[in-house]
Amino acid sequence: MKVMLRTNDAGKLLVYVAKKDLEEEVVSQTASDNAQIFTLSNGWELSIAGLSDPIKTPQTVDARRLN
């Protein structure tokens, strides 16, 4: 699914899922083999591959929901 990454005024990373009209804050971030795993405040886990470090925002990326 396509998601948009952006930062809010407090500097926190936000994920917006347009098809669900959902915007949630990233509460934890871990690195796996080729992707980064983001845990959102609603409990979703998203796997996003190919992100630079540090993450440049705003940007639209492909994500895969893990749970």
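One can find the structure itself at the top, above this paragraph.
Being a predicted model, the structure only gives us computed values, none of them experimental.

With four of five residues buried, strand β2 (residues 13-17) is to be regarded as a mostly interior element. Here strand β1 (residues 2-7) pairs with β2 via four bridges, running antiparallel. Bridging across to β2, leucine 5 finds its partner in valine 15. Linkage of β1 to β2, two consecutive antiparallel strands, is achieved through a turn of five residues, within which glycine 11 is found at a positive phi near 90 degrees. Where β2 lies against strand β3 (residues 22-31), four bridges are found, and the strand directions are antiparallel. Counted as the bridge partner of valine 17 is leucine 22 from β3. In textbook terms, the turn of a hairpin is the stretch between consecutive antiparallel strands, and for β2 and β3 this stretch comprises four residues, one of which, aspartate 21, has a positive phi near 50 degrees.

Parameters at a glance
- Residues numbered from 1 in each chain as written.
- Predicted model: local features only at pLDDT ≥ 70, side-chain atom pairs only at ≥ 80, totals over all residues.
- Heavy atoms only, no water.
- Buried < 20%, exposed > 50% of the residue type's maximum accessible area, 1.4 Å probe, protein only.
- Helix = DSSP H or I, 4+ residues; strand = E, 2+ residues; numbered from the N terminus.
- Pairing = 2+ DSSP bridges.

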